[in-house]
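# Residue-level structure breakdown
Chain by chain, the residues:
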Amino acid sequence: MAQLTTQAGASLDTHQLPQTIEPRNPGMDLDMDRVMHARANRSAIERRAKTLPGRRSVKKDYQAAWLARAISCIDLTTLAGDDTAGRVLRLCAKAKQPVRADLLETLGLEGLTTGAVCVYHDMIPHALKALDGTGIPVAVVSTGFPAGLSPFHLRIAEIEESVKAGAEEIDIVISRRLVLNGDWQGLYDEMKTMRAACGDAHVKAILATGELETLQNVARASLVCMMAGADFIKTSTGKESVNATLPVSLVMMRAIREYYEETGFRVGYKPAGGISKAKDSINYLALVKEELGDRWLRPDLFRFGASSLLGDIERQLEHHVTGAYSASWRHAAG
């Protein structure tokens, strides 16, 4: 597995997280012609997504390499009402040492970490202290997560407080009603204001795709959020009845590719919610490779929003090394 390259920028639009090498997406004027031109052929999209698992099967050393890549792209997450400082400290310890040291040594992957740790605002100080000096960024959910229905000025203030507390990534939720009502100017203005409030912190726009009704809405919302300056677009809060799926991912990735071809700026992608099996992570990585290319297979441009995925990946890596499966409780994340 290749070492992650590090580079820091100097200005608002080039400021980078420790592992990034891309200039930030500065956004652009809202182009309503392009937004309304966006379409999504559901039957073709679902057919394409259905064939992926059968076409992209990797085994042995190749499978281990893909799973290690998946680990490096995980936003290891705890977003429970009963979160405590102790739970967050354990999660951060797992982020720093996601797989048993002996297994990593055998695989030649010493130093492997997750992409970030994602928590609620109150847990930022504990996560920052635990991750100090590691280069692992702290991400925080914001803007009235998960519904995003608190007063707008409070949502902006919440972003500003999290940035002030030291969060390097802000996962915001859009107002779904703007999409459902076709208010693309309203969505653009909302996203642009949130991007400005994030300052140097990278912003991930959560579309809550399970609540947007159609794939066409997903495509249009993706484009509008990128035009407004989103650094990442993300499928779900993880709290909806339907979260990340391959068809939705295909739509969002093609919107990202279209935006890159038009502007030259790469926007990241984050599927979240319901991804708990190692084989599923490989399917998503394979889709990224086919639709966006190898450059997106790095934590500055791709993340999994997950809490239980890491445990299953660790079990698969242990099986690869030892030939035996261990109980899942031996690989708890916290």
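Residues numbered from 1 in each chain as written. Predicted model: local features only at pLDDT ≥ 70, side-chain atom pairs only at ≥ 80, totals over all residues. Heavy atoms only, no water.

Turning our eyes to something else, we now look at the pattern of salt bridges. Under the defined criterion, the tally for this structure stands at 28 salt bridges. Among the salt bridges present, the one from E211 reaches R176, with a minimum N-O distance of 2.9 Å. Of this pair, E211 sits in the loop between β5 (202-206) and α10 (215-227) while R176 sits in helix α8 (residues 176-180), and the two are 35 residues apart along the sequence. A relative accessible area of 9% means that R176 is categorised as buried. Between D312 and R315 there is a salt bridge; the shortest N-O distance is 3.7 Å. One end of the pair is D312 and the other is R315, both in helix α13 (residues 309-322) and three residues apart, which spans about a single turn. For the residue pair D312 and R315, the accessibility class agrees, reading buried in each case. (Salt bridge = Lys/Arg side-chain N within 4 Å of Asp/Glu carboxyl O. Helix = DSSP H or I, 4+ residues; strand = E, 2+ residues; numbered from the N terminus. Buried < 20%, exposed > 50% of the residue type's maximum accessible area, 1.4 Å probe, protein only.)

What follows covers the nonpolar core. Within the largest apolar cluster, 97 residues are counted, with the highest numbers of intra-cluster contacts made by I172, L187, C225, F304 and I313. The residues touching C225, leaving out its near neighbours within four places in the chain, are I174, L187, M191, A205, L207, A230 and I233. With seven residues, the next largest nonpolar core counts L79, C118, A139 and I206 among its residues. (Core = buried A, V, L, I, M, F, W, Y, C linked by side-chain atoms within 4.5 Å. Contact = heavy atoms within 4.5 Å.)

Moving on, we get to the pairing of strand β1 (residues 74-77). Burial of β1 is two-sided: the residues I74 and L76 facing one way and the residues D75 and T77 facing the other way are all buried. Here β1 pairs with strand β8 (residues 304-306) via three bridges, running parallel. Each residue of the ladder has a partner; that of I74, found in β8, is F304. Taken together, the three bridges between β1 and strand β2 (residues 116-119) define a ladder with parallel strand orientation. Its bridge partner being in β2, T77 is matched across the sheet by C118. (Pairing = 2+ DSSP bridges.)

With parallel pairing, the eight strands of this open sheet are ordered in space as β7-β6-β5-β4-β3-β2-β1-β8. Edge positions in the open sheet fall to β7 (268-270) and β8, since each of these has one partner strand only. Within the sheet, the average angular offset between the axes of one strand and its neighbour, ignoring direction, is 25 degrees. Packing against the sheet, helix α7 (residues 152-165) makes contact with β3 (138-141) and β4 (169-173), and its axis sits at approximately 165 degrees to β4. Sitting on the sheet, helix α11 (residues 246-263) touches β6 (232-234) and β7, and the angle it makes with β7 is about 170 degrees. (Axes fitted to C-alpha atoms, helices over the stretch in contact; angles between N-to-C directions.)

This next bit is on α13. Taking 1.5 Å of rise per residue, 14 residues should cover 20 Å, and α13 covers 20 Å from first to last C-alpha, within 8% of that figure. Buried residues of α13: L309, L310, G311, D312, I313, E314, R315, Q316, L317 and E318, and no others. Looking at the buried residues of α13, the elements they touch are α3 (60-72), β1, α4 (85-96), α5 (101-107), α12 (278-291) and β8. Just beyond α13, the residue with positive phi is G323, at close to 85 degrees. (Expected span 1.5 Å × (residues − 1).)

Let us now look at the packing of aromatic side chains. If you walk through the whole model with that rule in mind, you get five aromatic pairs. Taken together, a centroid distance of 5.6 Å and an interplanar angle of 80 degrees make the contact between Y260 and W296 edge-to-face. Placement of the pair is Y260 in helix α11 and W296 in the loop between α12 and β8, with a sequence separation of 36 residues. Taking relative accessible area as the criterion, Y260 reaches 27% and is therefore assigned partly exposed. Overall, the relative accessible area of 3% leaves W296 in the buried class. (Phe/Tyr/Trp six-rings, centres within 6.5 Å; stacked < 30°, edge-to-face > 60°.)

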